Amino acid sequence: MRISVLDNDTTQAELICQVLNGAGHSCQAFDSGKDLLGQLRKDSTDLLIVDWQVTDVPAAELLRRAKEKLAPNTPTMFLAGTSAEDDIVAGVTAGADDYLVKPLRRGELVARTQALLRRAYPSQNGAEQLQFGPYVFETRPGRLMMDGEQIDVTHKEFNLALLFFRNLGRPLSRAYIHESIWVRETAIPSRTMDTHVSRVRNKLRLRPENGFRLVPVYSYGYRLEKLGA
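Read on for an overview of the structure. These numbers were taken from a predicted model, which means no experiment stands behind them.

### Details of the overall build of the protein chain
Within the protein chain one finds eight helices and twelve strands. In terms of C-alpha radius of gyration, the protein chain reaches 19 Å, essentially the compact-globule figure of 17 Å for 229 residues. Taken along the three principal axes of its C-alpha coordinates, the protein chain extends 55 × 40 × 35 Å. Looking at the protein chain residue by residue over its 229 residues, the buried ones come to 47%. A sequence separation of at least 24 residues applies to 56% of the contacts in the protein chain between residues at least 6 apart. When the accessible surface of the protein chain is totalled, it reaches about 11800 Å², and 48% of it is carbon and sulfur. For the protein chain, the distance from the average position of its 30 positive side-chain charges to the average position of its 28 negative side-chain charges is 6 Å.

### Points about the pairing of strand β5 (residues 98–101)
On β5, burial follows the alternation: Asp 98 and Leu 100 on one face are buried, whereas Tyr 99 and Val 101 on the facing-out side are not. Examined bridge by bridge, strand β4 (residues 76–80) and β5 share four bridges and lie parallel to one another. Residue pairing across strands places Met 77 opposite Asp 98, the latter belonging to β5.

### Some details on the packing of aromatic side chains
Scanning the model with the defined rule gives nine aromatic pairs in all. Measuring from ring centre to ring centre gives 5.2 Å for Phe 132 and Phe 165, while their planes differ by 35 degrees; the resulting arrangement is tilted. Here Phe 165 lies in helix α6 (residues 155–166) and Phe 132 lies in strand β6 (residues 129–132), a separation of 33 residues in the sequence.

### Here's the deal with the environment of Val 5
Along the chain, the position of Val 5 falls in strand β1 (residues 2–6). Taking the C-alpha atoms as reference points, Val 5 and Ser 198, separated by 193 residues in sequence, lie 34 Å from one another. If sequence neighbours within four positions are ignored, Val 5 has contacts with Ala 13, Ile 16, Cys 17, Cys 27, Gln 28, Ala 29, Phe 30 and Ile 49.

### Looking at the packing of α6 against helix α8 (residues 190–203)
Between α6 and α8, whose axes approach to 10 Å, the crossing angle comes to 75 degrees. If you check the angle between α6 and α8, you find them roughly perpendicular. Two secondary-structure elements touch here, α6 through Lys 156, Glu 157, Leu 160, Ala 161 and Phe 164 and α8 through His 196, Val 197, Arg 199, Val 200 and Lys 203. Grouping the constituent residues of the contact of α6 with α8 by class yields five nonpolar, one polar and four charged.

### Digging into the packing of helix α2 (residues 33–42) against helix α3 (residues 59–69)
At a minimum axis separation of 9 Å, α2 and α3 run at an interaxial angle of 10 degrees. Considering their axes alone, α2 and α3 lie roughly parallel with respect to each other. In this structure, α2 uses Gly 33, Leu 36, Leu 37, Leu 40 and Arg 41 to contact α3, whose residues at the interface are Leu 62, Arg 65, Ala 66 and Lys 69. Partitioned by chemical class, the residues of the contact of α2 with α3 number five nonpolar, one polar and three charged.

### Considerations on the nonpolar core
Across soluble globular proteins, nonpolar side chains have a tendency to be buried as a group. With 30 residues, the main nonpolar core has Phe 137, Phe 164, Phe 165, Ile 177, Leu 204 and Leu 206 as its most contacted residues. The set of elements that each furnish at least two residues to this core consists of β6, β7 (135–138), β8 (143–146), α6, α7 (174–181), α8, β11 (212–217) and β12 (221–226). Of all the elements, α6 adds the most residues to this core, at seven residues. Listed in part, the 19 residues of the second largest apolar core include Leu 36, Ala 59, Leu 70 and Phe 78.

About the cut-offs
- Residues numbered from 1 in each chain as written.
- Predicted model: local features only at pLDDT ≥ 70, side-chain atom pairs only at ≥ 80, totals over all residues.
- Heavy atoms only, no water.
- Helix = DSSP H or I, 4+ residues; strand = E, 2+ residues; numbered from the N terminus.
- Rg over C-alpha atoms; globule rule 2.2 N^0.38 Å.
- Buried < 20%, exposed > 50% of the residue type's maximum accessible area, 1.4 Å probe, protein only.
- Contact = heavy atoms within 4.5 Å.
- Areas by Shrake-Rupley, 256 points an atom, 1.4 Å probe, with all protein chains shown as cover.
- Lys, Arg positive; Asp, Glu negative; His and termini not counted.
- Charge placed at Lys NZ, Arg CZ, Asp CG, Glu CD.
- Pairing = 2+ DSSP bridges.
- Phe/Tyr/Trp six-rings, centres within 6.5 Å; stacked < 30°, edge-to-face > 60°.
- Axes fitted to C-alpha atoms, helices over the stretch in contact; angles between N-to-C directions.
- Parallel < 35°, antiparallel > 145°, perpendicular 65-115°, else oblique.
- Nonpolar A, V, L, I, M, F, W, Y, C, P; charged D, E, K, R; others polar.
- Core = buried A, V, L, I, M, F, W, Y, C linked by side-chain atoms within 4.5 Å.

On their own, these measurements won't tell you what the molecule is for.
Right, here's the structure in full:
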C-alpha cells in the first residue's frame, strides 16, 4: 500500500518510512504540510500519517484539507507527544482514525498501520464481496459479476477494474495505476496500460447508458465516473 508520512523531523519521517517499507509498503516522507498537500493534489495515497506538531500548517486544518483530496475510506493516523493529551483529543476530534504516541516503537507502528489498512481495504485482506451498482467483485477467486452474469476478465483486469471502482470519481495518475497493478514490473510500455484500460471499459460496458464512464484525464491518467443521481 502507498503511505504518506508528514513530520518536520526528517530523520523520524525517514525512519518511519524505513520501517513501513520493510513491512512491504511504499512510503513517501514529507517535511512540510504544504508539500504534502501539493502532492495529494497530483496523486493518491492509501494511508496518511501526520505529526500533530507540524509547523507550517495547523494540524487540524491540514487534516481537513487532506481529507478533501483523499478517497472517503482513506485512513489517517497522527503522532502525538508523550504527554500531549490535548493533541490526542484534538486529533481524534478532527477525524483521525488512530494515533501513536512518541517515541515510536517499530512493532506498534507496523501493527497499528496494518490494522488500519485491513479495516479500510478489506478486499486486500481476504475473501470479500464488494458491490458497486450492478457489479459484484468476489476477491477470491477473483470473480467479477455484472447483473448476475460472470464477466471473463484476467487477474490484472480484475484488479484494475476494482482499483477504479474503489476510487470512483477520483482521477488516478498513470504512476499510481502502474504501482498498484504492475507491482513488480519496473517498466511497462505505455500502450500496455492503455490496452488494459480499454479492455476493462469494453468488458464491463462502462458506458453512459449503463451509468458509468471510464475516461482519460489529459496528461495524467484515468477516472471512473458514476453518472446520474
